[in-house]
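Working through the structure, step by step
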Amino acid sequence: NRGDDTMTSAASKSPSIKTRVSFLATCIIAYSNTPSCSAFTSVPTQPASSTRQSTVLLHESASTSHDVIDPPLNPLLSQIKPSKTVEVFSLVKQMEADGETVTSLCVGEPDFAPPQSVLDAATQAMQNGQTRYTAVTGTAELRAAIAKDLKERKGVEYNPQTEIVVGNGAKQCVYQGLMAACGEGDEVIIPAPYWPSYPEMALLVGAKPVILETKVQDGYLINPSDLDRCLSQHPKAKVLMLCNPSNPTGGVHSTELLAEIARVLQKYPQIVILADEIYERLVYTSDGKCTSFASLPDMFHRTITLNGFSKSHAMTGFRLGYLAAPARFAKAVATLQGQITSCASSVSQAAGVAALRDVGEEWLLSNVEIMKSKRDYVLGELEKMKDVEVAVPPNGAFYVLPDVSKYYGGDDTQLCLDLLKEKKLALVPGSSFGAEGTVRISYATSMEELEVAMKKLREFLESKA
């Protein structure tokens, strides 16, 4: 599970307040887990009124004697762009707080509630006192349930004690997996269109993102020959990001295509595959299959699998994800997590156990059918719109990435800005996903909301034709 105020480019702006607060919070967490020093604890205290008076006098003296200079931020932040999805979502929430009614298709969050058994398990966990820290890697019960699910459904066997790490959402697991697999001077191959956090995470760990372009006529799937060429030209490459099914395209790599990709990777044994499979339960092909990359011959030892509960079980607010990998990777990730956040919520972990043990397959398949009908509706409506094209229908996740480059001269950001201003409809510009001239539509909302959204989009584009 992962979590994109203005929709204009933020590359040249200072980090937002939200970024500063997040950075400060990380520092506070680290400090709060550090033993206190006697040099600080022995300072005598003053009466509250005296302290306040001294503080005021000190502040006045400082402000009159010289200009206040803000301490510098980490220079690394100048390279990191805010998530466009979070920015758009924040803007929508602000507009709604100001009393405006906005139709939003910008966030990938299912509109249905988690299964009742999941909610009951969370309640029961709190009532039973399961509100303490757990092991950094997660409760033994949840890790065993994850291992059992991966073995039975995906054909991949992991030791729950040494090869599974439960995190605060899949997004944390992606970042920690990347941090464990590469570092300063390495390169990370990222197929485009991509989830916007991938390049920024690569920069955060000191690596260089290398964008591998895919073709719309291929459904934005990886072409093995292009991958081979890219890897041969980038000997410093250490990681391949593989999001399957894809955010933002909804494309699903078949078992056969994954096998071809694996054959290419045999030539490059230094490459670690970060297999982001968070959408693997939402596949609309006839067999509904999404093969785990780690299950392919000779790929287990070099694959870090990432998954969670947000998309499949609508548990976005529980912030619960996991990483499954060979022990050396899992141990490194556990060490990192122990110094960053420690364990995931104990209550959320109890809910995760219920999601894997108590939720029937019929509940999950029912939601797949509902999502498929929404996808089909959106594709049908887009087909009626002039100069809007979806070359290959998406077979997974809950996104469509239509080409709208015939409008605004391909400036998808300005299109989305005007769409939000004129029709109060929020979409995310495709350029933030490395796909200029497109927009990302999330159909993980109610059918009523989709009908309103498609009407607004059609009317807007007709007015610009």
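Residues numbered from 1 in each chain as written. Predicted model: local features only at pLDDT ≥ 70, side-chain atom pairs only at ≥ 80, totals over all residues. Heavy atoms only, no water.

So, the overall build of the chain
For the record, the criterion: Only DSSP runs of H or I covering at least 4 residues are called helices, and only runs of E covering at least 2 are called strands; the numbering of each starts at the N terminus. Between buried and exposed lies partly exposed: a residue is buried under 20% and exposed over 50% of the maximum accessible area for its type, with that area taken using a 1.4 Å probe on protein chains only. Each accessible area is a Shrake-Rupley estimate made with a 1.4 Å probe; only the visible protein chains count as cover when residues are assessed.
When helices and strands are tallied, the chain shows 16 helices and 12 strands. Residues classed as buried in the chain amount to 49% of the 465 residues present. Just so you have it, the chain exposes about 22000 Å², and 54% of that area is on carbon and sulfur atoms.

Description of the packing of helix α6 (residues 140–154) against helix α13 (residues 346–357)
Put simply, the test is: Fitting a line to C-alpha atoms yields each axis, with helices limited to the stretch in contact; the angle taken between N-to-C directions then spans 0 to 180 degrees. For classification, angles of less than 35 degrees are called roughly parallel, those exceeding 145 degrees roughly antiparallel, those between 65 and 115 degrees roughly perpendicular, and all remaining angles oblique. Each crossing is labelled by how the near helix is turned from the far one, with a counterclockwise turn of less than a right angle marking it left-handed and a clockwise turn marking it right-handed. Should any heavy atoms of two residues lie within 4.5 Å, those residues are considered in contact. Residue type decides the class: Asp, Glu, Lys and Arg count as charged, Ala, Val, Leu, Ile, Met, Phe, Trp, Tyr, Cys and Pro as nonpolar, and the leftover types, Gly among them, as polar.
Between α6 and α13, whose axes approach to 9 Å, the crossing angle comes to 30°. Relative to α13, α6 is oriented roughly parallel. With respect to the hand of their crossing, α6 and α13 are arranged in left-handed fashion. Contact with α6, carried on its side by Glu141, Leu142, Ala145, Ile146 and Asp149, involves Gln349, Gly352, Val353, Leu356 and Arg357 of α13 and no other residues of that element. Across the contact of α6 with α13, the residue classes break down as 5 nonpolar, 2 polar and 3 charged.

Quick word on the sheet that holds strand β6 (residues 272–276)
Our working definition: Pairing between strands is defined by DSSP: at least two bridges between the two strands are required.
Within the open sheet, the 7 strands sit side by side as β2-β8-β7-β6-β5-β3-β4. Their pairing is mixed. Two strands bound the open sheet, and with one partner strand each, they are β2 (164–167) and β4 (208–213). When the angles between neighbouring strand axes are averaged without regard to direction, this sheet yields 20°. Along the sheet face, helix α7 (residues 170–181) touches β2, β3 (187–192), β5 (237–243), β6, β7 (303–308) and β8 (321–324) and points at about 175° away from the line of β6.

Here we look at α7
Here is the rule: In this analysis, the expected span of each helix is defined as 1.5 Å times one less than the number of residues it contains.
Taking 1.5 Å per residue, 12 residues should reach 16 Å; α7 reaches 16 Å between its end C-alpha atoms and fits that length. Summarising burial for α7: 9 of the 12 residues are buried, a large majority. Every buried residue belonging to α7 is among Ala170, Lys171, Gln172, Cys173, Val174, Gln176, Gly177, Leu178 and Ala181, and all of these are buried.

Here we look at the sheet that holds strand β12 (residues 439–442)
One open sheet accounts for 3 strands, arranged β9-β12-β11; its pairing is antiparallel. Of all strands in the sheet, those with a lone pairing partner are β9 (399–400) and β11 (428–429), marking the two edges. Sheet analysis places β9 next to β12, joined by 2 bridges and oriented antiparallel. Across the sheet, Tyr399 pairs through a bridge with Ser442, a residue of β12.

Interpretation in functional terms is not warranted from these geometric data alone.
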